[in-house]
Amino acid sequence: IHKIIFPAHASTLSALGILNADLRYDLSQSQLLPAADSSLTILVDTVSKLHSQANDLLETAGIAASARRIEFSCDVRYRGQAFELNTRWPELDGGAMPDPELLSALIGHFHDSHEVLYAYSERNDAVEIVTVRAIAVGELDKPEPHHERSEARDAESDAGYRPIVMGGQQTHMPVYRREALRQGKPALRGPLIIEEDYTVL
């Protein structure tokens, strides 16, 4: 391995992710349908119900209308396939309901995604919709990022050496403060120790 990336605050990264995450609900309704105009009545009913359920969940959670986002996708396959490919249906994100043009767009997205993933598509084959999915997102306030890069920290960039044991042998290894390391400085040659407030790399 020639390059390893250690994210800042590695030991608390999951907590940072929670603080920056939005509220999300996943909804779905399974019903095998041909991806054809004959299925539009059922698709409109399904999408309408999922949209209403998603809005109700976000309303109950206290999410303002301006902070709500509802995204649609379908699990789609070629007729006779044993597996489905989840395919985004972005044309419905603004609250539109399925019609012949938007259904054609979904089928096109499926062919394109199938070709990207499996290096081929069968654009003349019949396509089936297995499940309609909705993701209800409530956008939450995010904390302001805080970067601690004071002159005092810079003075700690080289914190000296620490005795460690490697391969059964004791040696002294250089120690650096993570927040004092800046882009553009000469690369440091390891092995070495990088300290953070909550972990040691």
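Cut-off values and rules
- Residue numbers run consecutively from 1 along every chain, following the written order of its sequence.
- Selection of residues for local features in this predicted model requires a pLDDT of at least 70, selection of side-chain atom pairs for listing and counting requires 80 or more, and totals for whole chains, interfaces and linings are taken over all residues.
- Note: side-chain values were computed over all heavy atoms of the structure, leaving out hydrogens and water.
- The rule for pairing is simple: two strands pair if DSSP sees at least two bridges between them.
- Only runs of H or I of at least four residues qualify as helices and only runs of E of at least two qualify as strands under DSSP, and these elements are numbered from the N terminus.
- To get an axis, fit a line to the C-alpha atoms, keeping to the stretch in contact for a helix; angles then go from 0 to 180 degrees between the N-to-C directions.
- Every residue pair with non-hydrogen atoms within 4.5 Å of one another is taken to be in contact.
- Put simply, a salt bridge is a Lys or Arg side-chain nitrogen that is within 4 Å of an Asp or Glu carboxyl oxygen.
- Only protein chains enter the accessibility calculation, which uses a 1.4 Å probe; a residue whose area is less than 20% of its type maximum is buried, one above 50% is exposed, and one in between is partly exposed.
- Think of a polar contact as two N or O atoms within 3.5 Å of one another; within protein, one of them needs to be a possible hydrogen donor and the other a possible acceptor, and neighboring residues in sequence only count if both atoms come from side chains.
- Here, the term nonpolar core denotes a set of buried Ala, Val, Leu, Ile, Met, Phe, Trp, Tyr and Cys residues that are joined through side-chain atoms within 4.5 Å.
- The length a helix should cover is 1.5 Å for every residue beyond the first.

1. Re the sheet that holds strand S3 (residues 85–88)
Here is step 1: Strand order in this open sheet of four strands is S1-S4-S2-S3, and the pairing throughout is antiparallel. Both edges of this open sheet fall to strand S1 (23–34) and S3, since each of them pairs with a single strand only. Across the sheet, the mean angle from the axis of one strand to that of its neighbour is 25 degrees, orientation sign disregarded.
Here is step 2: Two strands pair when backbone bridges link them, and S1 and strand S4 (residues 127–138) are joined in this way by 10 bridges, in the antiparallel orientation. The residue of S4 that forms the bridge with Ser28 is Arg133.
Here is step 3: Each of S1, strand S2 (68–78) and S4 touches helix H2 (residues 40–60); the most contacted strand, S1, lies at about 165 degrees to it.
Here is step 4: Contacts from helix H3 (residues 100–118) reach S2, S3 and S4 within the one sheet, and its direction differs from that of S3 by about 130 degrees.

2. Quick look at the pattern of salt bridges
Here is step 1: Across all of its chains, the model carries 15 salt bridges by this definition.
Here is step 2: The closest approach of N and O atoms between Lys49 and Asp45, which form a salt bridge, is 3.3 Å. Remark: Asp45 and Lys49 occur in helix H2; sequence separation between them is four residues, near one turn of the helix.
Here is step 3: For the salt bridge of Arg123 with Asp112, the shortest nitrogen-to-oxygen distance reads 2.7 Å. You can see Arg123 sitting in the loop between H3 and S4 and its partner Asp112 sitting in helix H3, a full 11 residues away along the chain.
Here is step 4: For Asp112, a relative accessible area of 40% translates into the label partly exposed.
Here is step 5: What you see here is one network of salt bridges that share partners, running through Arg77, Arg79, Glu84 and Glu128.

3. Brief notes about the side chain of Arg77
Here is step 1: Checked against the element boundaries, Arg77 lands in strand S2.
Here is step 2: For Arg77, the side chain forms a polar contact with the side chain of Glu84, separated by 3.1 Å.
Here is step 3: Among all residues touching Arg77, those that are not within four sequence positions of it are Leu32, Phe83, Glu84, Phe110, Ala126, Val127, Glu128 and Val130.

4. Observations concerning the nonpolar core
For soluble globular proteins, nonpolar side chains are generally found buried alongside one another.
Here is step 1: Ranked by internal contacts, the top residues of the largest apolar core, which has 29 residues, are Phe72, Trp89, Leu103, Ile129 and Val132.
Here is step 2: Mapped by element, the contributors of at least two residues to this core are S1, H2, S2, H3 and S4.
Here is step 3: Sort the elements by how many residues they give to this core and H2 lands first, with six residues.
Here is step 4: Among all residues touching Leu103, those that are not within four sequence positions of it are Ala35, Ala36, Asp37, Leu40, Leu43, Trp89 and Ile129.

5. Re H3
Here is step 1: Along its 19 residues, H3 runs 27 Å from first to last C-alpha, staying within 8% of the 27 Å computed at 1.5 Å per residue.
Here is step 2: Within H3 the residues assigned to the buried category are Leu102, Leu103, Ala105, Leu106, Ile107, Gly108, Phe110, His111 and His114.
Here is step 3: On the buried face of H3, the contacting elements are H2, S2, S3 and S4.
Here is step 4: Taking the backbone nitrogen of Glu101 as reference, a side-chain oxygen 3.1 Å away marks Asp99 as the first, capping residue of H3.
Here is step 5: Two residues or fewer after H3 comes Ala119, characterised by a positive phi angle close to 70 degrees.

6. Some thoughts on the sheet that holds strand S7 (residues 193–195)
Here is step 1: Strand order in the open sheet formed by three strands is S5-S6-S7, with mixed pairing between adjacent strands. Edge positions in the sheet fall to strand S5 (161–166) and S7, since each has one partner strand and no second. Averaged over all pairs of adjacent strands, the angle between strand axes in this sheet comes to 45 degrees, irrespective of strand direction.
Here is step 2: In this sheet, strand S6 (residues 169–177) lies alongside S5 in antiparallel orientation, the contact comprising six bridges. Across the sheet, the residue bridging to Pro163 is His172, located in S6.

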